[in-house]
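Each chain is listed here by its residues.
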Amino acid sequence: MDDADVPAKGNIFGKVVPARYVLAVLGSIAMAIVYGLKVNLSVAMVGMLNHTSIRLSSHPDRNHLELSNYTAPSDVECQPTSGEGHVTEMDGPFEWSSEIQGIILSCYFWGYFVSQIPGARVAELFSAKWVMFFSVTINVVCTLLTPVMAEAHYIAVVIMRIGEGIGGGVTFPAMHVLLSKWAPPAERSVMAALVYAGTSLGTVISMLMAGMLTASLGWESVFYVMGGLSCLWCVLWVTLVQDTPQQQPLISIEEREMIITSLGGKTNDHSPHKKLPVPWRAVLTSPAFLSILVAHACSNWGWYMLLIELPFYMKQVLKFNMTENAVTTSLPFLSLWIFSIALSRTLDWLRGRNIITTTTARKIGTLFASLVPAACLLALCYVGCARGAAVALTALGVTCIGGMFCGFLSNHIDIAPNFAGTLMALTNTVATIPGIVVPIFVGILTHGNQTISAWRVIFFVTIGLYIIEIIVYTLFGSGEQQPWNNPPEDHEEEGANRPLNSTTEKTHV
């Protein structure tokens, strides 16, 4: 379908629920589904594995070994919390070694890594709506098939995880393309934060839900229940979402005109959207883009450190029991969701009144997402076994990471809306590398050495990367649209495609 206007159906959404926020909410749910289905396997695997058999096969000559009683050498030994004891692990049917478990959990990134740039170009050239639909649908299908595939062979599970990774890899680029068409500049921060904060909300809901389902209904229920519920989104997405306001019949005339004019377009322009080639040299030599790339990669190192590795610190060093660990590591992601919405709304309010520029807003968001977590990690190095302080610092650090959604993570749309999906794919591909490196890095430093001293080294490396992010993005980050967004041959029509820059973005609802 081209961009010719489809007649609006009056007040269906525009007067009650704006169509652009229907897109944002469904986009947020989509991100929650993809990230929820991404992490549910790590929780369900507790019920899938035959822990007794794996333990005995790992220690054939030490059948009496109680691994839970093992204490690594430590410079400061924290005592277990009250109520900590031997937790009986449920035994499942699969005798997967630790190596196989690692392959299954990491192969998601294989698909994630390779799909982003192709997915971004398809979204930009054809339809971001259907790319996003593909992303969620392939995750749902692979999730529903996982129990059957697990019974067949672990290689079949690997294939399912790669499929989920392929779908997950195109989510951010596709949503960036949709936001570039739907988000008025004065609301861009809050819409982006609403959409992408769904990743943290989905993570929390999935971890808690998967744990309850595994304990009560068995590990298979995790995949059947969560995959089945996600099917409802597919119906709503196809029915309620379109690629552009021009194509959306479920929108008021007023909202359609407001979005189009705020993005620099003409309401009576029915010409099809041009399929522009990516100016690769200009992109890869642009300080504004490279600053986003550095910020995204460094921030993701800290994100994966707090999301994946910090629970091990809480368990192995601070000796939290399993229930406490689940609560203390998951609840901060709820406060992250709330904080990201509040901060983005505040920054959009300040931008709408010309109190700050888009550049300043992006740098403030990024500063929250880097400086505060770095300070919290630094303090965590020296609180020792003070569990209350450790929980508070962790919660504060994770919460403020939410600033990235209205910081550098929205910045691709500002500097080049015509190529927002491709730019996001490029930075997110590089930022995937920390997800692969962080577990290996932490494993090497803490192998047989689960001590506060070892974790201080890990935290200091993370702090160093946060400092690099702060310096680079503060110096070179920009919220201004870059000249290469509109090729020279398109200059005569660039007014019809150019979103507002910081000097004209005061036009809003």
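Residues numbered from 1 in each chain as written. Predicted model: local features only at pLDDT ≥ 70, side-chain atom pairs only at ≥ 80, totals over all residues. Heavy atoms only, no water.

Asks: Even after reading the chapter, I still don't get the packing of aromatic side chains, so can you show me in this structure?
Replies: Between two aromatic rings, the relevant description is the distance of the centres plus the angle of the planes. Inspection of the entire model under this criterion finds 15 aromatic pairs. Relative to Phe459, the ring of Trp455 has its centre 5.7 Å away and its plane inclined at 50 degrees; by these criteria the two rings are tilted. Taken together, the residues Trp455 and Phe459, both in helix 20 (residues 452-476) and four residues apart, mark about one turn of the helix. The same class applies to Trp455 as to Phe459, namely buried. One aromatic cluster in this structure is built from Phe94, Trp96, Trp219 and Phe223. It is Lys38 that lies over the ring of Tyr112; its NZ or CZ is 5.7 Å from the centre. (Phe/Tyr/Trp six-rings, centres within 6.5 Å; stacked < 30°, edge-to-face > 60°. Helix = DSSP H or I, 4+ residues; strand = E, 2+ residues; numbered from the N terminus. Buried < 20%, exposed > 50% of the residue type's maximum accessible area, 1.4 Å probe, protein only. Lys NZ or Arg CZ within 6 Å of the ring centre and 35° of its normal.)

Asks: What is the right way to look at the environment of Glu95 in this model?
Replies: Position of Glu95 relative to the elements: it lies in the loop between helix 2 (51-58) and helix 3 (98-106). When the C-alpha positions of Glu95 and His51 are compared, they lie 7.6 Å apart, and in sequence the two are 44 residues distant.

Asks: Just to check I follow, could you spell out the packing of helix 16 (residues 358-380) against helix 18 (residues 408-415) for this structure?
Replies: Helix-helix packing: each pair is described by the crossing angle between the helix axes and the interaxial distance. As a packed pair, helix 16 and helix 18 sit with axes 9 Å apart at the nearest point and diverge in direction by 160 degrees. Between helix 16 and helix 18, the angle falls in the class roughly antiparallel. Judged by the sense of rotation from one axis to the other, the crossing of helix 16 with helix 18 is left-handed. Between helix 16 and helix 18, the contacting residues are Thr358, Arg362 and Thr366 on the first element and Phe408, Ser410, Asn411 and Asp414 on the second. Of the residues in the contact of helix 16 with helix 18, the class split is one nonpolar, four polar and two charged. (Axes fitted to C-alpha atoms, helices over the stretch in contact; angles between N-to-C directions. Parallel < 35°, antiparallel > 145°, perpendicular 65-115°, else oblique. Left-handed = near helix turned anticlockwise from the far one by under 90°. Contact = heavy atoms within 4.5 Å. Nonpolar A, V, L, I, M, F, W, Y, C, P; charged D, E, K, R; others polar.)

Asks: It is not clear to me how helix 1 (residues 19-48) should be interpreted in this structure. Could you clarify?
Replies: For an α-helix the count is 3.6 residues per turn, leaving residues at separations of three or four pointing the same way. For helix 1, with 30 residues, the first-to-last C-alpha span of 43 Å sits near the 44 Å given by 1.5 Å per residue. Helix geometry: helix 1 is bent most strongly at Asn40, by close to 30 degrees. Counting buried residues along helix 1, 25 of its 30 residues qualify, which places the element largely inside the surrounding structure. (Expected span 1.5 Å × (residues − 1). Bend = angle between axes of the 7 residues up to and from the residue.)

Asks: Looking at this structure, I do not really get the side chain of Thr146. What am I missing?
Replies: Note on placement: Thr146 falls in helix 5 (residues 128-152). Among the residues examined, Thr146 registers a relative accessible area of 4% and is labelled buried. Sequence-distant contacts of Thr146, that is, excluding residues within four places in its chain, are made with Met160, Glu164 and Phe223.

Asks: Is there a simple way to explain the pattern of salt bridges in this structure?
Replies: In a structure, side chains of opposite charge can pair up when their charged atoms sit close to one another. Applying the stated criterion across every chain yields a total of seven salt bridges. Residue Arg161 pairs with Glu164 through a salt bridge whose shortest N-O separation is 3.7 Å. Residue Arg161 and its partner Glu164 are located together in helix 6 (residues 154-169), separated by three residues, close to a single helical turn. Of the two residues, Arg161 and Glu164, neither departs from the other in class, the shared state being buried. Here Asp414 and Arg362 are joined by a salt bridge, their closest N and O atoms 2.5 Å apart. With a gap of 52 residues between them, Asp414 in helix 18 and Arg362 in helix 16 connect regions that are remote in the sequence. Given a relative accessible area of 0%, Arg362 falls into the buried group. Connected through salt bridges with shared partners, the residues Arg20, Glu187 and Glu255 form a single ionic network. (Salt bridge = Lys/Arg side-chain N within 4 Å of Asp/Glu carboxyl O.)

Worth remembering: the numbers are spatial, not functional.
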